[in-house]
Amino acid sequence: MNSSSYLLHSTCPSCGAEIGIHSATAVTAVCGYCHSVLLINQNKLVQSGRHSAVLNDLSPLQIGTSGVWQGKPFTLIGRMQVNYDAGSWNEWHALMHDGSSAWLSEANDRFVFTRLQPALPDLRALPEFSNLKIGNTFFKYQKRGYAVADIRNIQRGQYAAEGELPISLPQSETAQVVDCRNGTSFITLDYSDGKSQPQVFAGKGVALESLHLQNTRTPEQIRTHSGYVKGSTKRGKCPNCGGEIRWVSGIADYVVCQYCRSHLDMSEETAQLHATGEMRQHQEHYLTIKIGSRARIGNERWWVLGAMVLYDVPVNKVMPDVPLYIQVAERAETDIETLGWTEYLLYSPKKGFLWLLELENNRWALASTLDDWPTLNRPLEPIDFRKDKVPFLYDYAAHVLYAVGAFYWQVAPGDSMYYVDYGCEQRKLSTTLTQNEQSWSVVSSIPASLVAAWFKDNKNISIKAKPLSADKAVKIVHEHQRLKAKDFTIGNIRKWRLQAFIKPDIDVRTVEFWMVLFIILNLPIFIFIGGLDDNDFGITSLIFHFITYGLLVKIPYWTWGIFESTDSAKKYNPYLAALIVIIFTWCNYAIYVSDKEAGTSTDSHYYGGSGGRWHK
């Protein structure tokens, strides 16, 4: 927007810099030079005595970014940023083409467009703030049910702003804000004014690509300016454990992480470990893909920003009041390292965030957080367009064992999450819950060869698979990126299961693969030769099957000298599994031949040298 579009053209009463006001509803303006918070009173700029500066982050948005929402052009002319202990979020003030105001909310990696709604005549129409709970609360607003997606009860929040706002910049450090969703609908309930009934902002979740944005921040601007605010306290992530650290530029040169006690050198404005030995040991032991690695996915370049190692814990330790309509899976206590997985956070300036999941036995998956939730019948009961329940798969809980790198929220060892998965193994509709937040994602199983293709140019990363061709790799990623909550219908889930049955993924690092191979190799003896002709040998062969299964479950996980797995002692070792299958297949055939030779001599004597043929 140029100077000819200003409704008010003046100078900052604090530093004299030129300031132009675009919106007729603007109440507050922040000088872009001295960061003075100015009040707009009778077409004059008045000092408020306050200063404000926002923290530059990974957001691609900036003052002056323009786009189109619901067919109406808009321009971002202001931002309010709330910083608190667990992170921060942005509220961008969008000036619509007709002169009205809207808000583009940016929290974590999700974006929502909303407008302020008229107050409801019924003072009891919405629940009180204290009654709202993740995973349980379900209420109606304008005849539509909503589940709670995010609860922020911030007692020590810091408000910062830039540009123009249609409201006064809050001075209170208390914020009570609740986001609620169902399907494509979204509402924010703001209880910050202390009233029992909140202000309501209604809208929809959006993907930035759908807004046709212009004048966004370039990747170079994001890389060079993120985290810098002149004259303010800085914050970042400990490179050892991922916990949040804060420091004052040029004053505090060394910091001790409050979570892992690592000594950090802050002299170059970036958290560097003073003693890096422990971090390297952690990364070498847990991470297949190192932080900072680059992946080539199609024509886009992605960076590995962070990684978390998680392990299973009993559900009741994380979510003790699981609703009765969710089937809670019971699991035996097991070594945490055999039930763990790793989640890598990938970032592209154009595409945003993507999660890469490394599971046991060289299995991988992709996960993307959804802008639009599934349609819910209850907080944890998604339904399809026919109002049929999406099939429940399983639920589980996890603790963060180890975290490193950068994330779009604060994460630290010991954090807990509760998961519920729906659909099928190949395609999952998954929800993640904490005490204050719920999100929905789509998860797609992918072959290890796809991951190998992404990182094939990185010599420090070794994925045990032959890289897929570029065409196949792009096709798999596009199929995942097109997957939405509405696609999880009964018919589609049956189709995905059938496709997996017709084209199964062969993984030599699983007990099932070697057991199926053993059965196929021994099938002639067990059924056609031994089982039908000699019942005694059939029982012997059956016993060998049980013994083989027991050995395949245990021994390939052991560490035995030259047979030790190169990945980890806890990974399944195919060499030991092959040895077990060969030995017991040979035993089966050897016993069969021995028994048949003994039986042949007996039969020949009894039947008068008939060669085993029956005579009347």
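Throughout, residues of each chain are indexed from 1 in the direction in which the sequence is written. Where totals are concerned, whole chains, interfaces and linings use all residues; where local detail is concerned, this predicted model gives features only for residues with pLDDT of at least 70, and gives and counts side-chain atom pairs only at 80 or more. Where side-chain values are given, they derive from all heavy atoms of the structure, hydrogens and water being excluded.

(A) Looking closely at the overall build of the protein. From N to C terminus, the protein includes 9 helices and 32 strands. Only protein chains enter the accessibility calculation, which uses a 1.4 Å probe; a residue is then buried when its area is under 20% of its type maximum, exposed when over 50%, and partly exposed in between. The burial tally for the protein puts 46% of its 616 residues in the buried class. Partitioning the intrachain contacts of the protein with sequence separation of at least 6 by distance along the chain shows that 59% fall at a separation of at least 24. Each accessible area value is a Shrake-Rupley result obtained with a 1.4 Å probe; residue values ignore everything except the protein chains displayed when judging cover. Working note: accessible area of the protein is about 32,400 Å², and carbon and sulfur atoms make up 53% of it. Only DSSP runs of H or I covering at least 4 residues are called helices, and only runs of E covering at least 2 are called strands; the numbering of each starts at the N terminus. Contacts are residue-level and defined by heavy atoms, with any inter-residue pair within 4.5 Å sufficient.

(B) Examining unusual backbone geometry more closely. Phi at Q142 takes a positive value of approximately 50 degrees, unusual for a residue other than glycine. Mapped onto the secondary structure, Q142 falls in the loop between β11 (138–141) and β12 (144–154). Residues other than glycine seldom take positive phi values, yet K143 does so here, at roughly 70 degrees. The topology assignment puts K143 in the loop between β11 and β12.

(C) Layout of the nonpolar core. For our purposes a nonpolar core is just a set of buried Ala, Val, Leu, Ile, Met, Phe, Trp, Tyr and Cys residues, chained together by side-chain atoms within 4.5 Å. Counting residues in hydrophobic clusters, the biggest one holds 41 residues, and the most contacted among them are F139, V178, I187, L189, Y418 and L429. Residue contacts for I187: discarding those within four places in its chain leaves F139, Y141, Y146, V178, D179, C180, V200, F201 and A202. With 29 residues, the next largest nonpolar core counts A295, V451, A452 and A473 among its residues.

(D) Geometry of the side chain of S368. Along the chain, S368 turns up in strand β26 (residues 364–369). Relative accessible area serves as the criterion here: at 16%, S368 is assigned to the buried category. Contact partners of S368, with chain neighbours within four places excluded, come to L354, W440, S441, V442 and H480.

(E) Highlighting the confidence of the model for the protein. Values of pLDDT, the confidence the predictor places in each residue, fall between 0 and 100. Of all residues in the protein, 71% attain a pLDDT of 70 or more, and the chain-wide mean is 77. Below a pLDDT of 50 lies the segment residues 331–338, which in the model reaches 13 contacts outside its immediate sequence neighbourhood of four places, other chains included.

(F) Structural context of helix α5 (residues 470–481). When the terminal C-alpha atoms of α5 are compared, their 17 Å separation across 12 residues agrees well with the 16 Å that a helix rising 1.5 Å per residue should span. All of the buried residues in α5 are A473, V477 and H480. For α5, the buried positions fall inside an angular range of 60 degrees around the axis, keeping them on one side. Facing away from the buried side of α5 by over 90 degrees, the exposed positions are D471, K472 and K475. Each element contacted by the buried residues of α5 is listed here: β22 (294–297), β25 (352–358), β26, β32 (438–446) and α4 (448–454). Helix span, as expected, comes to 1.5 Å for every residue beyond the first. The arc in question is traced by the directions running from the helix axis to the C-beta atoms.

(G) Just the pairing of β32, in detail. For β32, a buried count of 7 out of 9 residues is recorded, marking the element as mostly surrounded by other parts of the structure. By the bridge criterion, 6 bridges tie β26 to β32 in an arrangement that is antiparallel. By the bridge assignment for β32, L366 is matched with S444. In this scheme, strands are said to pair when DSSP sees at least two bridges between them.

(H) Broad picture of the packing of aromatic side chains. Two aromatic rings, drawn from Phe, Tyr or Trp (for Trp, its six-membered ring), form a pair once their centres lie within 6.5 Å of each other, and the interplanar angle then sorts them: stacked below 30 degrees, edge-to-face above 60, tilted otherwise. The final tally for this structure, using the stated rule, is 14 aromatic pairs. A centroid spacing of 6.2 Å and a plane angle of 80 degrees characterise the contact between F392 and Y422, whose relative ring orientation is edge-to-face. With F392 in strand β29 (residues 392–405) and Y422 in strand β30 (residues 416–423), this residue pair connects regions lying 30 residues apart in the sequence. Since its relative accessible area comes to 2%, Y422 is described here as buried. Residues F488 and W496 carry aromatic rings whose centres are separated by 5.2 Å and whose planes lie at 70 degrees to one another, so their mutual orientation is edge-to-face. Residue W496 is classed as buried on the basis of its relative accessible area of 9%. Two limits define a charge over a ring: the Lys NZ or Arg CZ must be within 6 Å of the ring centre, and within 35 degrees of the ring normal. In this structure, R152 packs its charged tip against the face of W89, placed 4.1 Å from the ring centre.

(I) Structural view of the pattern of salt bridges. The salt bridge definition used is simple: a Lys or Arg side-chain nitrogen within 4 Å of an Asp or Glu carboxyl oxygen. Counting across every chain of the model gives 8 salt bridges. Note that K389 and E381 form a salt bridge whose closest N and O atoms lie 3.7 Å from each other. Of the residues examined, E381 reaches a relative accessible area of 6% and is grouped as buried. Linked through salt bridges whose partners overlap, the residues forming this network are D150, R152 and D179.

(J) Quick peek at a nonpolar patch on the surface. The patches described consist of residues with a relative accessible area above 30% and no salt bridge, like charges being joined within 9 Å and nonpolar side chains (Val, Leu, Ile, Met, Phe, Trp, Tyr) within 5 Å. On the surface, I539, I543 and I547 cluster together to form a nonpolar patch covering roughly 270 Å² of accessible area. Relative to the helices and strands, I543 resides in helix α8 (residues 535–554).

(K) Representation of the pairing of β26 within the structure. Most of β26 is tucked away, with 6 of its 6 residues classed as buried. The side-chain alternation of β26 yields two buried faces, one formed by W364, L366 and S368 and the other by A365, A367 and T369. Pairing analysis gives 4 bridges linking β25 to β26, with the strands arranged antiparallel. Looking at the pairing, E358 lines up with W364 of β26.

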